Amino acid sequence: MIYIYIGLAGAFGAMLRYSIGILIMTEHVFPYATLLVNLIGSFLLAWLTYGLFKRIHLDEKLKTAITTGFVGSFTTFSAVSVETVELFQNQSMLLGCVYVFVSLVGGLGMCEVGFRVSRGVGEK
């Protein structure tokens, strides 16, 4: 049954990711939509894991469906990889490096923000 929950949540995450991609579709070379969903996903996963799920009781299957299914399909490392290679192949080495750096450092930063927000900004 857990596979059904993960699949359903994953479908919603994928649809939301696709919708954001359509809303942010630009003529720019830089993959803004993927960067945005990955930064949001990093924040969301940390906030859910360290905050919401510690404060409210949810069935483990539901937690897994939300984190692995929804957030997992909302974010995507494979798209970052393909888009980076495309930037490199289009002779945009600097943009490719910036994309990787902002994705990694930004993702870690958003995870930290999600963790801090989940604990309350002033708490240690």
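Preceding this section is the structure that the text describes.
What comes next concerns the included structure.

Thresholds, definitions, all that
Residues numbered from 1 in each chain as written. Predicted model: local features only at pLDDT ≥ 70, side-chain atom pairs only at ≥ 80, totals over all residues. Heavy atoms only, no water. Helix = DSSP H or I, 4+ residues; strand = E, 2+ residues; numbered from the N terminus. Buried < 20%, exposed > 50% of the residue type's maximum accessible area, 1.4 Å probe, protein only. Contact = heavy atoms within 4.5 Å. Lys, Arg positive; Asp, Glu negative; His and termini not counted. Charge placed at Lys NZ, Arg CZ, Asp CG, Glu CD. Core = buried A, V, L, I, M, F, W, Y, C linked by side-chain atoms within 4.5 Å. Phe/Tyr/Trp six-rings, centres within 6.5 Å; stacked < 30°, edge-to-face > 60°.

Scanning the protein chain from N- to C-terminus turns up five helices and zero strands. Along the protein chain, helices (α) and strands (β) appear in the sequence α-α-α-α-α when read from the amino end. Out of the 124 residues in the protein chain, the part that is buried amounts to 30%. Counted over contacts in the protein chain with a minimum sequence separation of 6, partners at least 24 positions apart contribute 74%. Charge-centre separation for the protein chain: the mean point of 8 positive side chains lies 13 Å from the mean point of 7 negative side chains.

Here the focus is the nonpolar core. Membership of the largest hydrophobic core is limited to six residues, which are Phe 30, Leu 35, Leu 39, Val 80, Leu 87 and Tyr 99. Among the elements of the structure, helix 2 (32-55) and helix 4 (77-89) are those that each provide at least two residues to this core. Discounting chain neighbours no more than four positions away, the residues touching Val 80 are Thr 34, Asn 38, Tyr 99 and Ser 103.

On inspection of all chains with the given rule, the structure shows four aromatic pairs. Aromatic side chains Phe 30 and Tyr 32 sit 5.0 Å apart centroid to centroid with 55 degrees between the ring planes, which places their arrangement in the tilted category. With centroids separated by 6.1 Å and ring planes inclined at 5 degrees, the aromatic side chains of Phe 70 and Phe 74 adopt a geometry described as stacked. You can see Phe 70 and its partner Phe 74 sitting in helix 3 (residues 60-74), four residues apart, about one turn around the helix.

It is worth spelling out the environment of Tyr 3 at this point. On the secondary structure map, Tyr 3 appears in helix 1 (residues 2-23). Classification of Tyr 3 by relative accessible area gives exposed; the value is 70%. Considering only alpha carbons, one finds Tyr 3 and Phe 115, 112 residues apart in sequence, at a separation of 28 Å.

To continue, consider the side chain of Ser 92. As for its placement among the helices and strands, Ser 92 is situated in the loop between helix 4 and helix 5 (93-119). Not counting residues up to four positions away in its chain, the partners in contact with Ser 92 are Val 29 and Leu 87.

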